[in-house]
2 protein chains.
Amino acid sequence: MNFKVVFNIIGFLLILNGLFILTGIGFSIYHQSDDILALLISGVGTFLSGFIIWLATRKSEITELGKREGYLIVSLGWIVMSLSGAIPFVIYGAIPNYTDAFFETMSGFTTTGASILTDIEKLPYGLLFWRSFTHWLGGMGIIVLSLAILPLLGIGGMQLFAAEVPGVIKDKIHPRVKETAKRLWGIYVILTAAETLLLIVGGLNFFDAITHSFATMGTGGFSTKNNSIAYFTSPYVQYIFIFFMFIAGMNFTLHYFAFHGNFNFLKTNTEFKYYLGFTIFVSLFIMVIHIPYVDFHWEEGIRQSLFHVVSLTTTTGFVTSDYENWAPFSRMIFFVLLFIGGCAGSTGGGIKLVRHIILFKNSWAELKRLIHPRAVIPIKFNNKAVSSEIISNVQAFFIFYILLFVFSSIIISLLGVEFVTAIGATATCIGNIGPGIGTVGPVSNFSHLPETVKWILSFLMLVGRLELFTVLIIFSPAFWKK
Amino acid sequence: MNFKVVFNIIGFLLILNGLFILTGIGFSIYHQSDDILALLISGVGTFLSGFIIWLATRKSEITELGKREGYLIVSLGWIVMSLSGAIPFVIYGAIPNYTDAFFETMSGFTTTGASILTDIEKLPYGLLFWRSFTHWLGGMGIIVLSLAILPLLGIGGMQLFAAEVPGVIKDKIHPRVKETAKRLWGIYVILTAAETLLLIVGGLNFFDAITHSFATMGTGGFSTKNNSIAYFTSPYVQYIFIFFMFIAGMNFTLHYFAFHGNFNFLKTNTEFKYYLGFTIFVSLFIMVIHIPYVDFHWEEGIRQSLFHVVSLTTTTGFVTSDYENWAPFSRMIFFVLLFIGGCAGSTGGGIKLVRHIILFKNSWAELKRLIHPRAVIPIKFNNKAVSSEIISNVQAFFIFYILLFVFSSIIISLLGVEFVTAIGATATCIGNIGPGIGTVGPVSNFSHLPETVKWILSFLMLVGRLELFTVLIIFSPAFWKK
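Residues numbered from 1 in each chain as written. Chains lettered and ligands numbered in written order. Predicted model: local features only at pLDDT ≥ 70, side-chain atom pairs only at ≥ 80, totals over all residues. Heavy atoms only, no water.

**Let's talk about the overall build of chain A**
- A count of helical and extended segments in chain A gives 21 helices and 2 strands.
- Computed over its C-alpha atoms, the radius of gyration of chain A comes to 22 Å, within 12% of the 23 Å expected for a compact globule of 482 residues.
- Along the three orthogonal principal directions, the C-alpha set of chain A runs to about 70 × 65 × 55 Å.
- Each of the 482 residues in chain A was classed as buried or not, and the buried ones make up 63%.
- Contacts spanning at least 24 positions in sequence make up 72% of the contacts within chain A whose residues lie at least 6 apart.
- Just so you have it, chain A exposes about 17,800 Å², and 68% of that area is on carbon and sulfur atoms. (Helix = DSSP H or I, 4+ residues; strand = E, 2+ residues; numbered from the N terminus. Rg over C-alpha atoms; globule rule 2.2 N^0.38 Å. Buried < 20%, exposed > 50% of the residue type's maximum accessible area, 1.4 Å probe, protein only. Contact = heavy atoms within 4.5 Å. Areas by Shrake-Rupley, 256 points an atom, 1.4 Å probe, with all protein chains shown as cover.)

**Observations regarding helix H2 (residues 36-56) of chain A**
Residues and elements named next belong to chain A.
- Across its 21 residues, H2 extends 30 Å between first and last C-alpha, which sits within 8% of the 30 Å expected from 1.5 Å per residue.
- All of the buried residues in H2 are Ala 38, Leu 39, Ser 42, Gly 43, Thr 46 and Gly 50. The buried residues of H2 occupy an angular sector of 115° when projected down its axis, which confines them to one face. Residues of H2 that are exposed and point more than 90 degrees away from the buried face comprise Leu 37, Ile 52 and Ala 56. (Expected span 1.5 Å × (residues − 1). Arc of directions from axis to C-beta.)

**Quick notes on the interface of chain A and chain B**
- Counting residues at the interface gives 52 residues for chain A and 52 residues for chain B.
- Both faces combined, the contact of chain A with chain B buries some 4,400 Å², and carbon together with sulfur accounts for 80% of it.
- For the chain A face of the interface with chain B, the top three residues by lost area are Met 332, Leu 370 and Phe 419 of chain A, together amounting to 17%.
- The interface formed by chain A and chain B contains 0 salt bridges.
- Linking chain A to chain B there are 2 residue pairs in polar contact (both at pLDDT 80 or more). (Buried area = accessible area lost by both parts, 1.4 Å probe. Salt bridge = Lys/Arg side-chain N within 4 Å of Asp/Glu carboxyl O. Polar contact = N/O pair within 3.5 Å; in protein donor to acceptor, adjacent residues only side chain to side chain.)

**Thoughts on the relation of the copies chain A and chain B**
- For the pair chain A and chain B, the best superposition has an RMSD of 0.0 Å and corresponds to a rotation of 180° with a translation of 0.0 Å parallel to the axis. Expressed as an axis order, the relation between the two copies is that of a two-fold axis. Closest approach to the rotation axis among the C-alpha atoms of chain A is made by Gln 395 of chain A, whose C-alpha sits 3.3 Å away.
- A shared binding surface is used by both copies, with 100% of the interface residues of chain A retained as interface residues in chain B. (Least-squares fit on C-alpha atoms with pLDDT ≥ 70 in both.)

**Re unusual backbone geometry**
All names here are of chain A.
- Here the phi dihedral of Thr 219 falls at roughly 45°; this positive angle occurs in a residue that is not glycine.
- The residue Thr 219 is located in the loop between helix H9 (206-217) and helix H10 (235-248) in this model.
- Accessibility expressed as a relative area gives 0% for Thr 219, which makes it buried.
- Positive phi outside glycine occurs at Lys 352, with the angle close to 80°.
- Summarising the element assignment, Lys 352 is placed in the loop between helix H15 (330-337) and helix H16 (353-371).
- Here Lys 352 falls in the buried class, since its relative accessible area comes to 2%.

**Some words on H9 of chain A**
All names here are of chain A.
- Its 12 residues give H9 an end-to-end C-alpha distance of 16 Å, which sits within 8% of 16 Å, the value for a rise of 1.5 Å per residue.
- Among the 12 residues that make up H9, 11 are buried, leaving the element largely enclosed by the rest of the structure.
- Among the residues of H9, those classed as buried are Phe 207, Asp 208, Ala 209, Ile 210, Thr 211, His 212, Ser 213, Phe 214, Ala 215, Thr 216 and Met 217.
- The N-capping residue of H9, defined by a side-chain oxygen 3.1 Å from the backbone nitrogen of Phe 207, is Asn 205.

**Comments concerning the environment of Thr 105 of chain A**
Residues and elements named next belong to chain A.
- The topology assignment puts Thr 105 in helix H5 (residues 98-109).
- In this structure the C-alpha to C-alpha distance between Thr 105 and His 255, which are 150 residues apart in sequence, comes to 28 Å.
- What Thr 105 contacts, discounting residues up to four positions off in sequence, is Met 81, Ser 82, Gly 85, Ala 86, Phe 89 and Thr 134.
- There is a polar contact of 2.7 Å between the side chain of Thr 105 and the backbone oxygen of Ala 101.

**A look at the environment of Tyr 293 of chain A**
Residue and element names in this part refer to chain A.
- As for its position among the elements, Tyr 293 is in the loop between helix H13 (270-290) and helix H14 (298-313).
- Between the C-alpha atoms of Tyr 293 and Ser 321, which are 28 residues apart in sequence, the distance is 12 Å.
- When residues no more than four places from it in sequence are discounted, the contact partners of Tyr 293 are Trp 326, Ala 327 and Pro 328.

**Notes on the pattern of salt bridges**
Residue and element names in this part refer to chain A.
- For the coordinates displayed, the defined rule picks out 16 salt bridges over all chains.
- Glu 467 serves as the salt-bridge partner of Lys 352, at 2.7 Å between the closest nitrogen and oxygen. Here the residue Lys 352 occupies a position in the loop between H15 and H16, and Glu 467 occupies one in the loop between helix H19 (451-465) and helix H20 (469-472), the gap between them amounting to 115 residues.
- The structure contains a network of salt bridges with shared partners spanning Lys 352, Arg 355 and Glu 467.

**So, the confidence of the model for chain A**
All names here are of chain A.
- Mean pLDDT over chain A works out to 88, with 92% of the residues at or above the 70 mark.
- Note on residues 156-174: pLDDT is under 50 here. Beyond four places in sequence and across chains, it has 39 contacts.
- Confidence estimates for the predicted assembly give a pTM of 0.91 and an ipTM of 0.89. (pLDDT = per-residue confidence, 0-100.)

**Here's the deal with the packing of aromatic side chains**
- Considering all chains together, one arrives at 88 aromatic pairs over all chains under this definition.
- On the basis of an interplanar angle of 90° and a centroid distance of 5.8 Å, the ring pair of Phe 400 of chain A and Phe 469 of chain A is categorised as edge-to-face. Of this pair, Phe 400 of chain A sits in helix H17 (residues 388-414) while Phe 469 of chain A is found in helix H20, placing the two residues 69 residues apart along the sequence.
- Aromatic side chains Phe 109 of chain B and Trp 130 of chain B sit 5.9 Å apart centroid to centroid with 75° between the ring planes, which places their arrangement in the edge-to-face category. Residue Phe 109 of chain B is located in helix H5 (residues 98-109), and its partner Trp 130 of chain B is located in helix H6 (residues 125-153); the two are separated by 21 residues in the primary sequence.
- The ring of Phe 419 of chain B has Arg 331 of chain A sitting right over it, with the charged end atom 5.8 Å from the ring centre. (Phe/Tyr/Trp six-rings, centres within 6.5 Å; stacked < 30°, edge-to-face > 60°. Lys NZ or Arg CZ within 6 Å of the ring centre and 35° of its normal.)

**Topic: the environment of Ser 346 of chain B**
Residue and element names in this part refer to chain B.
- Turning to its location among the elements, Ser 346 is positioned in the loop between helix H15 (330-337) and helix H16 (353-371).
- By relative accessible area, which is 2% here, Ser 346 ends up buried.
- Between the alpha carbons of Ser 346 and Gly 93 there is a distance of 34 Å; along the sequence they are 253 residues apart.
- Apart from residues no more than four positions distant in its own chain, Ser 346 is found in contact with Ile 142, Ile 143, Ser 146, Ala 248, Gly 249, Met 250, Asn 251 and Phe 252.
- Within polar-contact distance, the side chain of Ser 346 engages the backbone oxygen of Cys 343 at 2.7 Å.
- From its side chain, Ser 346 meets the backbone nitrogen of Gly 348 in a polar contact 3.0 Å long.

**Side note on the side chain of Ser 363 of chain B**
- If you trace the backbone, Ser 363 of chain B turns up in helix H16.
- Leave out the neighbours within four places in its chain, and Ser 363 of chain B touches Ala 396, Ile 399 and Phe 400 of chain A.

**With respect to a nonpolar patch on the surface**
Residues and elements named next belong to chain A.
- Judged by side-chain polarity, Leu 37, Leu 40, Ile 41, Val 44, Leu 48, Leu 83, Ile 87, Ile 91, Tyr 98 and Trp 455 come together as a nonpolar surface patch covering roughly 830 Å² of accessible area.
- Within the residue set of the nonpolar patch, elements represented by two or more residues are H2 and helix H4 (87-92).
- It is H2 that provides the largest number of residues to the nonpolar patch, a total of 5 residues.
- Looking at Val 44, the relative accessible area reads 37%, which means it is partly exposed. (Patch = residues over 30% accessible without salt bridge, like charges linked within 9 Å, V, L, I, M, F, W, Y side chains within 5 Å.)

Here's what the structure looks like:
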């Protein structure tokens with residue numbers, strides 16, 4: 001393990017994070033809020049510590065970067081970003097407890113959106129901006145990670161999609177990552193700008209528009225309002241959110257194609273077709289049971305159903321209504337939605353549709369294999385047969401996901417959290433969604449949970465965000481053997 | 001599909017079931033209960049209908065029996081046994097509603113032990129005997145099925161163990177099944193007799209001793225007492241139950257070896273070692289948290305912890321105490337235990353330890369594969385490498401199990417059952433355990449559930465009992481294609 005290169009890159013990330021924290025100051029000055037000093041100290045402090053680490057390790061050869069270093073950098077990267085990103089909240093006193101501040105920041109960078117804040121609107125503008133900005137940065141990080149870096153590390157069947165990004169060739173890591181990253185970031189910036197503009201058209205001020213666009217495009221879910229999206233009562237604004245959440249839950253490679261006028265994927269991309277079909281089907285289902293509950297205000301019922309299905313499926317986690325108080329069985333359906341996840345290569349977390357599709361197709365094929373034991377029954381995805389290695393990898397991912405969910409639920413329950421809340425909190429944090437069920441439901445927050453539970457949930461957000469294997473592999477003895 | 005041979009065997013099963021029902025009359029006469037007529041009508045009726053079906057189809061060639069016919073016979077077999085076995089309860093009026101009676105009988109034959117009876121002790125002796133007898137018959141059926149028939153049909157990785165039964169050779173189905181069945185039934189009868197005797201020594205009368213031995217050896221869980229095993233306050237009797245539940249949850253092949261003085265399996269059988277280790281580990285864990293709750297009555301705390309861990313792990317479902325009122329997190333732990341299952345080739349249901357072991361080992365190996373992509377990392381079981389076909393089959397089983405659990409929970413929840421009860425009832429029925437959590441907890445029963453839910457749960461018991469694939473395959477189009 002070449003620790004020098006690991007720390008060198010971590011130092012570089014801290015330098016960047018210091019600069020990111022400082023950006024909030026612009027809003028502090030404009031809105032004359034009193035958090036300038038807190039942001040300045042944290043930003044400069046983070047920048048300087050990063051600079052010192054970078055300086056001390058700068059003689060390392062970047063070319064020595066191997067797979068193991070890659071895993072470690074990715075995991076440590078998210079951790080140090082959250083550790084340092086939490087500081088402004090503590091210094092200002094908005095979140096005096098560091099555990100809470102870390103939870104909130106990890107929730108931001110992992111685009112989860114689970115919050116410990118009871119009164120969000122009390123926060124000054126600079127901190128509110130920074131809080132939403134972590135979503136956007138995390139989302140940007142995850143797109144590059146999942147489409148450019150993870151495929152090289154062989155994680156989670158992501159190889160399936162990587163090859164489709166134009167300009168991506170199985171070559172050296174450097175030009176590949178750089179080229180892919182540029183194209184994807186461009187799209188990400190354009191989409192965020194478009195949403196911001198459309199929200200301003202809908203009557204939001206620039207601050208609200210940009211922070212909520214950050215949270216949407218990162219499929220994060222932090223709002224700057226206590227009532228989340230319910231604050232914006234305009235149906236137009238809510239439909240804008242629905243549209244952009246759906247966009248953010250798509251594979252960004254498809255956006256690249258769409259920007260170049262190539263809409264073939266509408267016909268050929270298996271995951272997109274399922275994504276669209278699943279969203280429509282589940283929304284219709286929810287509408288049927290929900291519309292009678294809103295006294296047949298048709299438009300409102302349709303909008304609320306669509307909103308929450310898209311919000312939970314894409315792992316955004318915005319809410320406009322307390323789904324725990326919908327029809328009695330809504331709890332069950334929304335709980336199950338916590339396990340879906342958007343498309344691979346999106347900013348969404350969770351298991352992701354592609355894995356569900358492959359698992360489902362393969363299990364079904366297993367039945368056929370029992371009848372015709374000698375027949376070769378290929379699993380098709382995007383009109384190509386999926387290799388057995390990828391199927392095996394996807395199955396292992398699913399099983400790890402369930403194991404992690406079960407063990408974490410047990411531990412959190414042992415720490416005194418009641419059954420429904422324990423499984424709700426665990427599911428929503430591994431899946432990077434935000435709201436759960438029970439006392440961490442859509443209108444509640446995570447502040448009342450014991451401190452140890454908050455650390456465990458922060459860890460789960462990280463593991464879920466980084467496709468499990470990236471983090472878990474570090475705990476495997478084989479990782480540390482020469 | 002050769003329906004003639006299918007119906008021929010179904011007819012034969014009905015003839016047998018008619019005779020089985022009649023056996024209850026012995027106890028009716030001895031205890032002078034008034035259910036003789038109900039048993040007589042049902043028994044003779046079942047016998048005659050079976051005889052007519054058998055007669056009408058008897059010219060079929062038994063040698064034409066293929067795999068498809070095998071699947072159909074097994075599924076239909078369990079269904080017609082339950083359909084006809086439910087009749088005495090309805091005729092006598094003990095369970096006037098046929099849905100309830102069918103649920104109870106399916107619960108018996110699948111060795112689940114979930115009951116809709118609120119006052120069990122009101123039932124006459126003949127019916128009580130018949131109710132417990134279904135467990136024993138179901139258990140006997142499942143051992144032969146899982147160790148002699150399913151391996152030939154290629155179900156659920158069971159091939160792993162089949163080859164170990166002495167006298168089993170990959171030859172024609174007839175001699176193999178017959179030979180294996182004889183040996184296993186002998187052991188089953190001997191163990192049941194031993195438990196009955198030891199319970200009589202503990203002060204039980206013959207009726208209580210034999211009915212509870214039936215329920216233990218079949219890992220069923222029906223008691224003839226309203227308080228289940230809590231009725232027998234003697235610690236000796238409870239330890240006897242713990243011991244025989246543990247025995248019934250073992251692979252019966254191991255009993256065969258033990259009877260022949262061969263105890264090698266203690267060293268070489270992977271699943272047994274995990275079974276023992278898991279039981280001890282989880283029991284110790286429960287003891288630590290439970291003993292303070294019984295005011296440090298050490299023996300009682302140890303016994304209760306051990307009893308419920310063994311009872312749920314082996315999928316028996318006997319209870320001596322309301323675990324829902326233990327330490328607050330006990331609900332979580334006992335809920336998770338619903339997903340374990342005993343050993344393969346036992347009378348227990350559920351996912352089964354062997355599958356958990358293979359899944360766990362394979363997922364762990366997947367981490368190693370990420371680090372060394374070209375290395376071949378074999379999964380060892382009983383000191384032999386497990387083939388990739390079996391791993392794939394086990395993974396598909398697990399995924400189907402989870403899918404079935406999730407979809408059924410949603411449907412049951414839609415039918416008006418509250419969240420915790422819905423997942424508890426679904427888990428305990430697929431796993432063939434008996435008690436769940438929520439309003440179907442250890443001291444409750446299933447009578448209050450809507451009628452449709454009872455049919456769905458009956459179906460789940462069947463699917464879980466028959467290792468999923470046996471039943472699900474019938475719903476696959478490939479099954480019906482020529």
